[in-house]
Amino acid sequence: MCIGISAEDTTVAKIGTTGYTSLAQAINAAKDGDTIIVTADTTLSETLEVKNKNITIKSESADDIKTITYVSNYITVTADEGKTGSLTLEKITVTKQADSDKGTYAFLHPIKNGTAILNSGATIKNSSSSHAGAIFCEGGDAIMNDGAVLDGCSNQWRSGAVHVEAGSFTMNGGIITNCVGNNNGGSALGLKAGTMTLNGGSITNNTGSVAVKVLATATSFSFTDQLVMSGNTANMEINTES
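Thresholds, definitions, all that
- Residues numbered from 1 in each chain as written.
- Predicted model: local features only at pLDDT ≥ 70, side-chain atom pairs only at ≥ 80, totals over all residues.
- Heavy atoms only, no water.
- Helix = DSSP H or I, 4+ residues; strand = E, 2+ residues; numbered from the N terminus.
- Rg over C-alpha atoms; globule rule 2.2 N^0.38 Å.
- Buried < 20%, exposed > 50% of the residue type's maximum accessible area, 1.4 Å probe, protein only.
- Contact = heavy atoms within 4.5 Å.
- Core = buried A, V, L, I, M, F, W, Y, C linked by side-chain atoms within 4.5 Å.
- Pairing = 2+ DSSP bridges.
- Axes fitted to C-alpha atoms, helices over the stretch in contact; angles between N-to-C directions.
- Polar contact = N/O pair within 3.5 Å; in protein donor to acceptor, adjacent residues only side chain to side chain.
- Phe/Tyr/Trp six-rings, centres within 6.5 Å; stacked < 30°, edge-to-face > 60°.

Along the backbone of the protein there are 1 helix and 26 strands. A compact globule built from 242 residues should have a C-alpha radius of gyration of about 18 Å, and the protein, at 17 Å, falls within 12% of that. Put simply, the protein has 242 residues, and 53% of those count as buried. A separation threshold of at least 6 residues defines the contact pool for the protein, and within that pool the share at least 24 residues apart is 76%.

Listed below in structure tokens is the structure:
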């Protein structure tokens, strides 16, 4: 169903030629393969689910990147057996409203058969929750590519930027910086179960705990010499018990 808008309404997103007055409307209306173009800075206050569809959210131009401000909500990405679900962010900034509650999950919450992808120009900054600052993998996967940034994220119980409770995280590039963790996870990244592959990028100036923390319960962890780590409280702690 398409949602029409009047001259008095403000379009903040569009899919093709159809405009939407809220990003939540656009996400709910999107079909598999759709790209949502964010046309104005906007607030997202709804907790949403991207299920059985693969969609992209981005600004129209890399020279005019829009900002999504969220409150204490999150987006779960998932799919039924035999199907796929993914949410890709590129050329967009996501930040958390400063006076909002901590919230339960990170802004991106990939679960079973779901994948969250950060491409070039995607920035999540000053984001926080009880379970990871930016991405909380709970059976799903997350991929961070060159040009993506996680900046100033924090958490209460898990890891500052990305925490893998189960599932996987792959870092092919990008920057994780100025994040804050605690002893239950890394200030940047934490892996409890599942896999983590760090192919490149930089992890810098993260504080509060070791930058990358890998528990003994993890299935697989690897990194290459293309990964740059500097200025962290400590860089890595692998096969720790807690």
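Once the structure has been displayed, the description carries forward.
By size, the foremost hydrophobic cluster in this structure holds 59 residues, and its most contacted members are Ile36, Leu89, Phe169, Ile176, Leu189 and Ile203. Beyond its immediate sequence surroundings of up to four residues, Ile203 is in contact with Met171, Ile176, Ala188, Leu189, Leu198, Ala211, Val212, Leu227, Val228, Met229, Ser230 and Asn232.

The next thing to look at is the sheet that holds strand β25 (residues 227-230). Here we have 8 strands laid out as an open sheet, ordered β4-β7-β10-β13-β16-β19-β22-β25, and parallel in their pairing. Two strands lie at the open edges of the sheet, namely β4 (42-44) and β25, each paired on one side alone. Strand after strand, the sheet turns through a mean of 15° between neighbouring axes, direction not considered.

What follows is about the side chain of Asn206. Take Asn206: it is sitting in the loop between β22 (201-204) and β23 (212-215). Looking at Asn206, its side chain comes within polar contact range of the main-chain oxygen of Ile176, at 3.3 Å. A polar contact is formed between the side chain of Asn206 and the backbone oxygen of Thr204, at a distance of 3.1 Å. When residues no more than four places from it in sequence are discounted, the contact partners of Asn206 are Ile176, Thr177, Asn178, Cys179, Ser187, Ala188, Gly231, Asn232 and Thr233.

Evaluated as defined, the whole model comprises 4 aromatic pairs. Judged by centre distance (5.1 Å) and plane angle (85°), the ring pair of Tyr74 and Tyr105 falls under edge-to-face. Highlighted residues: Tyr74 in the loop between β7 (66-70) and β8 (75-78) and Tyr105 in the loop between β10 (92-96) and β11 (108-110), separated in sequence by 31 residues. The exposure class of Tyr74 is buried, given its relative accessible area of 19%. Ring geometry for Tyr105 versus Phe136: centroids 5.6 Å apart, planes at 15°, classification stacked. Of the two residues, Tyr105 is situated in the loop between β10 and β11 and Phe136 in strand β15 (residues 135-144); the sequence distance between them amounts to 31 residues. Through a chain of ring-to-ring contacts, three or more aromatic side chains come together here, namely Tyr74, Tyr105 and Phe136.

Positionally, Lys31 belongs in the loop between α1 (23-29) and β3 (35-38). Take Lys31: its relative accessible area is 57%, and that puts it in the exposed class. Lys31 sits 22 residues away from Lys53 along the chain, and the two C-alpha atoms are 6.3 Å apart.

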